[in-house]
Amino acid sequence: MTLCARADGAKRTFSLWSRTRKSTPQRAVGVLLTSRTADLARPRVAIVTHGPGAFMGELAQLACRRALVDAYASEAVEALVIPPDRLRALLIAEAELGERVMRALILRRVGLLQAGAGGPVIIGRPDNGDVLRLEGFLARNGHPRQTLNPDADLDAKALIERFNVDPGQLPIVLCPSGQLLRNPGEIELARCIGLVGPIDPDRLYDVAVVGAGPAGLATAVYAASEGLSVLVLDSRAFGGQAGASSRIENYLGFPTGITGMALMARAYTQAQKFGAEMAIPTEVIGLGGRNDADESRFILNLSNDERVSARAVVIASGARYRRLEIADLEKFEGSSVHYWASPLEAKLCAKQELALVGGGNSAGQATVYLADHASKVWLLVRGADLNASMSHYLVDRIAGLPNVEVVTQAEISGLEGGVGTLEAIRWRQRMSADEVRRPIRHLFLFIGAEPNTDWLSGSGVALDDKGFVLTSGDGANRHPLETNRRGIFAIGDVRAGSVKRVAAAVGEGAHAVAALHAFLAATTRDPVVRAPA
Ligand SMILES: Cc1cc2nc3c(=O)[nH]c(=O)nc-3n(C[C@H](O)[C@H](O)[C@H](O)COP(=O)(O)OP(=O)(O)OC[C@H]3O[C@@H](n4cnc5c(N)ncnc54)[C@H](O)[C@@H]3O)c2cc1C
């Protein structure tokens, strides 16, 4: 028997447990990278050869998505094929085995990420704004990729010639299916690499969660593990703002700290283990009423004209970074102005001077992280000192960094440069008439956040004067965390009065599930809901 689990176009995803007959112990299954993109750009790479008793499988298969690798049997082999739903059941029922398999799947994905193997190939200059956008999108979704610079890489040059791409159309992306995209949007790229598929318009979920930050993922984990059918939608990537944190040091249970991405990737995988479905990236643009024709469902309208039906909705859409009111800002966004300090940005400004604006904890964390890579960090703060707005441990750490200069009572007064290339930044201090000008190519902005509630306009959900969602809590005969509309709950940073912390968001995500059970039990004629133990 020959086994061949193809990545590209494969509708069926399996985990394979390979087992050879005792009489032929040398029989083995070789697992090779077989994306067609890799075929075009680079030779295929063998990752591992499995022998008797080994198990194959890739993290994407947990969520019924295409695996990032293909498996080839080098000779006849017997294998036990386990479909994704049975694998998830096994992970839950067999705790010890489940832990081993889960750990292996995570480590295998980490290996692919580190090797840049198995994903799409982006061809474009590394400092191009669209290359950074696409790389950032894939990195935040935990998806491997390769980037080839046509100025330095002969393969990239050959591909550009082969596909008749003129330099103005860069970057191009080659997907594992062999499809070529010209400077795609994130949703187009996600569809091409199988990150997101069509949503079943007839499916009625118990709960639709809008936002895959810590609050939304916590709801997904607890709701799915307690038997509810859950769909999580996020317009960008899992992890939300927490995914932007270079090191979270105040989350219970991680005494040495953990990167936001690592914490959130675990939660994302955990939610899928319990069967929560993910639609990322998918933007929700409207929340319809309980449908006129069917009183038992809410309708979410999506930017791609699709719709989602659910018995209850959890608003976990959090907050987004505030932009600076300064001329020409948009000219430099994406290439020189950043709202995120991840390894990608750190690499971009390695050994250079940079400016960072903000006086809160997120600014402090980013400063500490970037100071490790940059030659100098100018930390521009509006207030008179950092202590008023930043945690003590960060203020102390910044004070000990020789390449960080804190400029207080400062405001950016101008940005200079051509489109996409910042060349200099000017700022003023309140007590001084002089303007300082520095030749700086990268500006980081961490100046607070505003609620993501535009999509709720016209929904009838009550907001406060700053746009945060009001929950009536225990009053007005409502469930905890329920909004003025029955069956619609709000959690995390988007909720008026919430504590803007990862732990608080996770706590509210879990708390909302108890309220969901109570709501669904009271309103569902034919309960599908198992009460929590
Ligand atoms: C750089 C940084 C560092 C931080 N460090 C710490 C720290 O060390 N410790 C700590 O406790 N807190 C920290 N925080 C704060 C913490 O990250 C937030 O309090 C927490 O992430 C809030 O979680 P949330 O799930 O409510 O919202 P968010 O994390 O904001 O997630 C909301 C999600 O909803 C999605 N979304 C929004 N609108 C839509 C829509 N219309 N359709 C679909 N999806 C949508 C967004 O894409 C996003 O992924 C930090 C924040 C930042 C920015």
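**Considering the pattern of salt bridges**
- Applying the stated rule across the entire model yields 20 salt bridges.
- Between Arg125 and Asp151 there is a salt bridge whose closest N-O contact spans 2.6 Å. With a gap of 26 residues between them, Arg125 in the loop between strand E7 (121-123) and helix H4 (129-140) and Asp151 in the loop between strand E8 (146-148) and helix H5 (154-162) connect regions that are remote in the sequence.
- Here Lys376 makes a salt bridge to Glu405, at a shortest N to O gap of 2.6 Å. Taken together, the positions of Lys376 in strand E20 (residues 376-380) and Glu405 in strand E21 (residues 404-407) put the pair 29 residues apart, joining distant regions of the chain.
- Overall, Lys376 belongs to the partly exposed group, its relative accessible area being 22%.
- Connected through salt bridges with shared partners, the residues Glu416, Arg426, Arg428, Glu435 and Arg437 form a single ionic network.

**Description of the state of the cysteines**
- For the structure on display, the rule yields one disulfide.
- Disulfide pairing is shown between Cys175 and Cys192; the S-S distance is 2.3 Å. Taking the torsion about the sulfur-sulfur bond, which here is approximately 130°, the covalent link between Cys175 and Cys192 counts as right-handed. Residue Cys175 is located in the loop between strand E9 (172-174) and strand E10 (180-182), and its partner Cys192 is located in helix H6 (residues 186-192); the two are separated by 17 residues in the primary sequence.

**Looking at the sheet that holds strand E25 (residues 442-445)**
- Strand order in this open sheet of five strands is E18-E25-E19-E20-E21, and the pairing throughout is parallel. The outermost strands of the open sheet, each flanked by one partner alone, are strand E18 (337-338) and E21.
- Against the sheet, helix H11 (residues 361-371) contacts strand E19 (353-357), E20, E21 and E25, and its axis sits at roughly 170° relative to E19.

**A few points about the pairing of E25**
- Going residue by residue along E25, you find His442 and Phe444 tucked away on one face and Leu443 and Leu445 tucked away on the opposite face as well.
- Relative to E25, E18 runs parallel, the two being bridged by two bridges. Bridge pairing in E25 links Val337 to Leu443.
- Bridge count between E19 and E25: four bridges; the pairing is parallel. Across the sheet, residue Ala355 finds its bridge partner in E25, namely Leu443.

Thresholds applied
Residues numbered from 1 in each chain as written. Predicted model: local features only at pLDDT ≥ 70, side-chain atom pairs only at ≥ 80, totals over all residues. Heavy atoms only, no water. Salt bridge = Lys/Arg side-chain N within 4 Å of Asp/Glu carboxyl O. Helix = DSSP H or I, 4+ residues; strand = E, 2+ residues; numbered from the N terminus. Buried < 20%, exposed > 50% of the residue type's maximum accessible area, 1.4 Å probe, protein only. Disulfide = S-S within 2.5 Å. Pairing = 2+ DSSP bridges. Contact = heavy atoms within 4.5 Å. Axes fitted to C-alpha atoms, helices over the stretch in contact; angles between N-to-C directions.

Remember that the coordinates give geometry; whether it matters functionally is a separate question.
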